[in-house]
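Listed below are the residues making up each chain.
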Amino acid sequence: MSTMPKTMPKTEFATDLSVTQAGDPSRAHPMMPFTRHDEAARHAHVVAFKNFLMRQLEPRWRTLIDEKVAPQMAQSGRDAATEYRELEKNLGTVPAYRAWQTLMVAAQDEMWRSVTESVDHSLPELQRIEAANAALGSVRINPEFKAPRYLTAVDIHRMPGGYHADQGEGDLRQGAIFDKAAALYHMGRNGGAMNDLRGHTIAQHFFDRFESMNAENPPKRILDLGCTVGHSTVALAQNFPHAEVHGVDVGAALLRYARARSASLGVSIHYSQQSAERTDFADGYFDMVVSSAVLHETSAKAAPAIMRECWRLLRPGGVMIHLEVPLRFDASAWNRVRGWFESVHNNEPFWIGAQKTDFAGLAAQAGFAEVCAGYQPSVRQADPTAIPRFTSTPGPVHVVWYMISGIKPQA
Ligand SMILES: C[S@@+](CC[C@H](N)C(=O)[O-])C[C@H]1O[C@@H](n2cnc3c(N)ncnc32)[C@H](O)[C@@H]1O
């Protein structure tokens, strides 16, 4: 008698190897690069692999460090939470940790490599779709533009070429790679293949905190700083359908792709290649300026400059909202070790710096009033009529986001 179960046990991330181009569920919009059969298997493998490393193995490191190593160090008068850099380095000599560390890096590198395969054979078709939607939105590229050093010194997230790579006129490749990888990177938790959870969460934060403004005078001009391929920008445009929406970022290929992606979704957005630290928009042009997961990829000097630029760009009474990763520099030794891992092995140099930065203080210094920092629960779809849920209670990444918001005072 067969001992095989009648149905295969369900895994959290089922791999549908029968996936075809036409039926590929990851093709959430026309500009999404196509996935061939073998590539789909590799993409599913990356997600399963990351899931195993981060959800099954990582909690064991947390328990070991916070409950065993830190108390042991304390007994000999040492503080694991302040020695997090040395601890991470020393853990690298422990074979099990070394294996986990190496596999984490390998999963990330395999993610970029496998999506690049899909992008490279999709590019001719993506260019055709881009041209077919050329009339919607705009993109301004500045051939003289130099991306800030904090974005070029390392390939952030180990993405080969970083955000700024560009092969010249018409190139879409870096944008297509970022878009295709994003859902794998987030393991689907940032709004599935649309990756728009953060954009909806920013809109919800606006509805939660600035309800009366929304009712009386909803934003007519919105700017998304560090928009990448427009994942959050499109969500903002959908929540404020009468607004003129702009996005800025440093990469020409990201921005060309962002325009084409937004247009293929029927959304008109104006993208331009410039630094969030200093843009060419007129003083007071915007009613709302936002950023989503950008500040932690800047620097200690750039973050206050961005706050000051937000102040300049807003009309009196306008609203600034920054969404950030919800991890702060708390007392958990593992959180700090993990933060350092992110800095050195996932090329996020300002990761710990951002956790330590008092962004609300920077906003107040820039001149903002009614500044608040706290946690906004994620929403798949923002709802202006929902009961406000902005809170001071922290939570895990993707479940909540750290928000810093304020108003430019009336003169
Ligand atoms: C993690 S991505 C943001 C993703 C996007 N906002 C979203 O919500 O999907 C960070 C982005 O910030 C951009 N960025 C960082 N510093 C910037 C600056 N000074 N000017 C413009 N863009 C910047 C990077 O180029 C990158 O595209």
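Relevant structure appears above.
To start, this report covers the structure provided alongside it. (Residues numbered from 1 in each chain as written. Predicted model: local features only at pLDDT ≥ 70, side-chain atom pairs only at ≥ 80, totals over all residues. Heavy atoms only, no water.)

Here we take up the overall build of the protein. Summing up its helical and strand segments, the protein has 13 helices and eight strands in all. The C-alpha radius of gyration of the protein comes to 22 Å, within 12% of the 22 Å expected for a compact globule of 411 residues. Overall size of the protein, expressed as C-alpha extent along the three principal axes, is 70 × 55 × 45 Å. Residue burial in the protein is summarised as follows: out of 411 residues, 56% are buried. Contacts spanning at least 24 positions in sequence make up 79% of the contacts within the protein whose residues lie at least 6 apart. Within the structure as shown, the protein displays about 18200 Å² of accessible surface, and the carbon and sulfur contribution to it stands at 55%. Distance between charge centres in the protein, computed from 42 positive and 44 negative side chains, equals 2 Å. (Helix = DSSP H or I, 4+ residues; strand = E, 2+ residues; numbered from the N terminus. Rg over C-alpha atoms; globule rule 2.2 N^0.38 Å. Buried < 20%, exposed > 50% of the residue type's maximum accessible area, 1.4 Å probe, protein only. Contact = heavy atoms within 4.5 Å. Areas by Shrake-Rupley, 256 points an atom, 1.4 Å probe, with all protein chains shown as cover. Lys, Arg positive; Asp, Glu negative; His and termini not counted. Charge placed at Lys NZ, Arg CZ, Asp CG, Glu CD.)

With that settled, the discussion passes to the site of the ligand. Not every one of the 20 residues close to the ligand is listed here, only the nearest: Gly226, Ser232, Asp249, Ala276 and Ser292. The contact in question runs from a nitrogen atom of the ligand to an N or O atom on the side chain of tyrosine 150, over 2.9 Å. Serine 275 has a polar side-chain atom sitting 3.2 Å from a nitrogen atom of the ligand. For the ligand, whose accessible area on its own is 600 Å², the fraction buried by protein is 99%. If you list the elements that add at least two residues to the shell around the ligand, you get α4 (149–152) and α8 (231–239). (Near = heavy atom within 4 Å. Polar contact = N/O pair within 3.5 Å; in protein donor to acceptor, adjacent residues only side chain to side chain.)

Disulfides are covalent bonds that connect the sulfur atoms of two cysteines. For the coordinates displayed, the defined rule picks out zero disulfides. No disulfide involves cysteine 310; its sulfur sits 14 Å from the nearest other cysteine sulfur, which is in cysteine 227. What makes cysteine 310 buried here is its relative accessible area of 0%. (Disulfide = S-S within 2.5 Å.)

Our focus in this paragraph is the pattern of salt bridges. In total, this model carries 16 salt bridges according to the counting rule given. With its nearest N and O atoms 3.4 Å apart, the salt bridge here joins arginine 261 to aspartate 179. Taken together, the positions of arginine 261 in helix α9 (residues 252–264) and aspartate 179 in helix α5 (residues 173–185) put the pair 82 residues apart, joining distant regions of the chain. Accessibility classification places arginine 261 together with aspartate 179 in one group, the buried group. Note that glutamate 309 and arginine 312 form a salt bridge whose closest N and O atoms lie 2.8 Å from each other. Taken together, the positions of glutamate 309 and arginine 312, both in helix α10 (residues 302–313) and three residues apart, correspond to about one turn of that helix. (Salt bridge = Lys/Arg side-chain N within 4 Å of Asp/Glu carboxyl O.)

Mapped onto the elements of the fold, lysine 50 is located in helix α1 (residues 37–75). Not counting residues within four places of it along the chain, the set of residues in contact with lysine 50 comprises Arg55, Ala107, Gln108, Leu184, Tyr185 and Met187.

Let us look at the nonpolar core. In globular proteins that are soluble, nonpolar side chains generally tend to be buried together. Counting residues in each nonpolar core, the largest one holds 60 residues, and the members touching the most others are Leu126, Phe206, Phe240, Met288, Val319 and Ile321. Counting residues per element, this core draws most heavily on helix α3 (residues 95–132), at seven residues. When near neighbours in sequence (up to four residues on either side) are disregarded, methionine 288 contacts Phe206, Pro219, Arg221, Ile222, Leu223, Leu236, Phe240, Leu314, Val319 and Ile321. Among the nonpolar cores identified, the runner-up in size contains 27 residues, and Met307, Cys310, Tyr375 and Ile404 belong to it. (Core = buried A, V, L, I, M, F, W, Y, C linked by side-chain atoms within 4.5 Å.)

When you line up the elements, alanine 96 lands in helix α3. Exposure remark for alanine 96: the relative accessible area of 47% places this residue in the partly exposed category. Taking the C-alpha atoms as reference points, alanine 96 and phenylalanine 350, 254 residues apart in sequence, are found 27 Å from one another.

Next up on the list: the packing of aromatic side chains. Applying the stated criterion across every chain yields a total of 16 aromatic pairs. When the centroid spacing of 5.8 Å and the interplanar angle of 35° are considered together, the rings of phenylalanine 206 and phenylalanine 210 count as tilted. For phenylalanine 206, a relative accessible area of 0% puts it in the buried group. Taken together, the ring pairs in this structure connect Trp61, Tyr97, Trp100, Trp334 and Phe341 into an aromatic cluster. Over the aromatic face of tryptophan 340 sits the side chain of arginine 85, whose NZ or CZ is 5.1 Å from the ring centroid. The cationic tip of lysine 356 hangs over the ring face of phenylalanine 329; the distance from NZ or CZ to the ring centre is 4.8 Å. (Phe/Tyr/Trp six-rings, centres within 6.5 Å; stacked < 30°, edge-to-face > 60°. Lys NZ or Arg CZ within 6 Å of the ring centre and 35° of its normal.)

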